[in-house]
Amino acid sequence: MRRTLATLTASAVLIPLAVTAMPGAASAATNTLTVHVYDRAGAKVKTYVYVTNLSTGADYTLTSNKARKLPKGTYIAGAEIQPGDGTSTLGARTVKVSGTSSTVIDGRNGRLVEPAISPAVEEPVVSTTARICVGSNLLVHSWGAGRRYVIPNSSEKLRFTLATTWQQNAAAPSYTSLDTVKGLPKGYRKTVQRSSLVPVKITARAESRSDRESQRVYLVSKANGCAQGLIADGRSGVGGFSAPAYLTPGKWQFQGETTRASSIRDRTLVSGGSYSVKFFSAGRGPSRDLPYTRYRTLFFEPHGMFTDPGFAGVTNFAHDGWSHVAGVKTSTTLTKGGKTLQKQTLESDYFPRVERFTYPLKTSGWYGLTVHAKRTDPPAGQLSYRTSARFRFHADPKKTQVAPVYLTRFTPAGLNLQNAAGPGSSTDVTLTLERQSQNGVKAGTAPKVKTMTAWASYDNGATWKKTTLKKSGSKWVATVKNPKSGYVTLRAKVTDTKGNSSDITIYRAYKIA
């Protein structure tokens, strides 16, 4: 998708409103297009102009007021006009290029975009994202606060999409409307009813020093057509927040971000429904990745050792369940019969290195795979800064299968927005056993659990205290008695009836405050 850039320069030269087309001589060897752009005061503006060939779909970027060689054909040219007074005007024109051709995008023809909400929001802060598309393909767009204008154009080729968010203040509910119309309207004055919007509770918690870490959740449209990928104003806070938002029904993506972590949730919002999305809860740990055998080789992909609870990890980039943290170092060791077969160390900066641990298996037998992971540059008070996974399993090089082990996910209940429990309190931690297919290898029959044990540590894993553990359906609930201060490290080991086991640890899973 193409985004507009800031205006480059502007001059105060006034010119008459005109559209000129000067066909070249029949023998002209080249065809050129000049797009003249003027702001709402009539001053010539130097900015980028985005041009699409209607026959081929080819895109070009021009500088306004300068001739550009183009193939002969019919084009749509679009631009955003930002004169520096806080306003923004979008416009697009259809033009035939043959010989020496030109057209004008004139901000003086812009009509004010005035969306409204009923009942009205008192003293609202209003932000908008507006875009012009050629069919469903983005041509040019504008976002942020300030007054928006659009230059009318009735072309059936054009679409105008507008996302508007009204909010009284950072703590108040936000209301986001999304709308697409054919052509460029002669002034947009639609009113959205609050009752037509769908409520979503957005929660983002703090993973480190609550007075320093900021969180933001972006709203991204997943609707088809011109609205696809449009980013609307979202919610943000410092030290964690939980806030109500109301959105137009349809498909949305919620992108949670801190300076060191990202997670994504896709939701289809249906009228009459009520939804919630949560980011950065306590217990960020190993997710999805299990050892598996294929082509007489053992594989392991240590990508998701710090995954947001309830998310799938980094295997499906920018889609539902995607989650990762910045700066991770993993160390993977494979053993058999007490002998080390292979070691591998991986380190990534912002995005994870999607690289496999592999080892050619020669014989069947019992293997041990240990993975230690740590964040390479954790800030003060960082939760889940280290994790580990220890697997013991029987593998046969002749079989294609996921190792018969589980990943344990930890979900502490009753924590505040800083992922903290009260001093001396008790916290119930739900333990969920997960198995997923690995790179096309099906998970297969779930192993039958023989024993499940959980521990808590208050000295970062130096000593452990066994927790009370109760079965609750297909899950377990561990009751952890919290100390008066510090952090709580969590560990759980599950063994099946054949001796396969997994032992998962999250260091400083949550804190006491």
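In short, a report on the structure. Keep in mind that this is a model prediction, so the values were computed, not measured.

1. Notes on the state of the cysteines
Cysteine pairs can be linked by a disulfide, which is a covalent bond between their two sulfur atoms. For the structure on display, the rule yields 1 disulfide. Residue pairing for C133: its cysteine sulfur links by disulfide to C226, the two sulfurs lying 2.0 Å apart. Disulfide C133-C226: torsion about the S-S bond near 80°, hence right-handed. Here the residue C133 occupies a position in strand β13 (residues 125-134), and C226 occupies one in the loop between β20 (214-221) and β21 (231-238), the gap between them amounting to 93 residues. Comparing C133 with C226, the two get one shared label, buried.

2. Notes on unusual backbone geometry
Going from S118 to P119, the amide bond is cis rather than trans, its omega being -10°. With respect to the helices and strands, P119 occurs in the loop between β12 (116-118) and β13. A positive phi angle is found at E123, which is not glycine, with a value near 45°. One can find E123 in the loop between β12 and β13. E123 gets classed as exposed once you look at its relative accessible area, which sits at 66%.

3. Overview of the sheet that holds strand β40 (residues 468-472)
Strand order in the open sheet formed by 4 strands is β35-β37-β41-β40, with antiparallel pairing between adjacent strands. The open sheet is flanked by β35 (407-412) and β40, the only strands paired with a single partner. Taking each pair of neighbouring strands and ignoring which way they run, the sheet shows an average axis angle of 30°. Bridging between β35 and strand β37 (residues 426-434) involves 6 bridges; their strand directions are antiparallel. Bridging from a neighbouring strand, F410 pairs with L431 of β37.

4. Focus on the pairing of strand β27 (residues 297-300)
Across a regular strand the side chains alternate sides, sitting on one face of the sheet and then on the other. Alternating residues of β27 divide into T297 and F299 and L298 and F300, and every residue in both groups is buried. Direction of pairing for strand β26 (residues 292-294) relative to β27: antiparallel, over a ladder of 3 bridges. Residue pairing across strands places R294 opposite T297, the latter belonging to β27. Following β26, the chain reverses through 2 residues before pairing antiparallel with β27; Y295 in that reversal takes a positive phi of roughly 55°. When β27 meets strand β31 (residues 357-360), the two strands line up antiparallel, connected through 4 bridges. Within β31, the position partnered with L298 by the bridge is Y359.

5. Digging into the packing of aromatic side chains
Evaluated as defined, the whole model comprises 8 aromatic pairs. For the ring pair F279 and F311, a centre distance of 6.0 Å and an interplane angle of 35° mean the geometry is tilted. Placement of F279 in strand β25 (residues 275-279) and of F311 in the loop between β27 and β28 (323-325) is noted, with a sequence separation of 32 residues between them. Relative to F393, the ring of Y367 lies with its centre 6.5 Å away and its plane at 25°, an arrangement referred to as stacked. One end of the pair, Y367, is in strand β32 (residues 365-375); the other, F393, is in strand β33 (residues 386-395), with 26 residues separating them in the sequence. Y367 gets classed as buried once you look at its relative accessible area, which sits at 3%. Here F393 falls in the buried class, since its relative accessible area comes to 1%. Three or more aromatic residues link up through ring pairs in this structure, and these residues are F279, F280 and F311.

6. What to know about the side chain of T408
With respect to the helices, strands and loops of the structure, T408 is situated in strand β35. A relative accessible area of 1% means that T408 is categorised as buried. If near-sequence neighbours (up to four positions away) are discounted, T408 is found in contact with L431, T432, L433, M452, A492, V494 and I504.

7. Describing the nonpolar core
With 72 residues, the main nonpolar core has I202, F254, F391, F393, L431 and Y510 as its most contacted residues. No other element matches the 5 residues that strand β43 (residues 501-512) contributes to this core. Among all residues touching F393, those that are not within four sequence positions of it are P291, L298, G365, W366, Y367, L369, A403, P404, V405 and N500.

Scoring rules and cut-offs
- Residues numbered from 1 in each chain as written.
- Predicted model: local features only at pLDDT ≥ 70, side-chain atom pairs only at ≥ 80, totals over all residues.
- Heavy atoms only, no water.
- Disulfide = S-S within 2.5 Å.
- Helix = DSSP H or I, 4+ residues; strand = E, 2+ residues; numbered from the N terminus.
- Buried < 20%, exposed > 50% of the residue type's maximum accessible area, 1.4 Å probe, protein only.
- Pairing = 2+ DSSP bridges.
- Axes fitted to C-alpha atoms, helices over the stretch in contact; angles between N-to-C directions.
- Phe/Tyr/Trp six-rings, centres within 6.5 Å; stacked < 30°, edge-to-face > 60°.
- Contact = heavy atoms within 4.5 Å.
- Core = buried A, V, L, I, M, F, W, Y, C linked by side-chain atoms within 4.5 Å.

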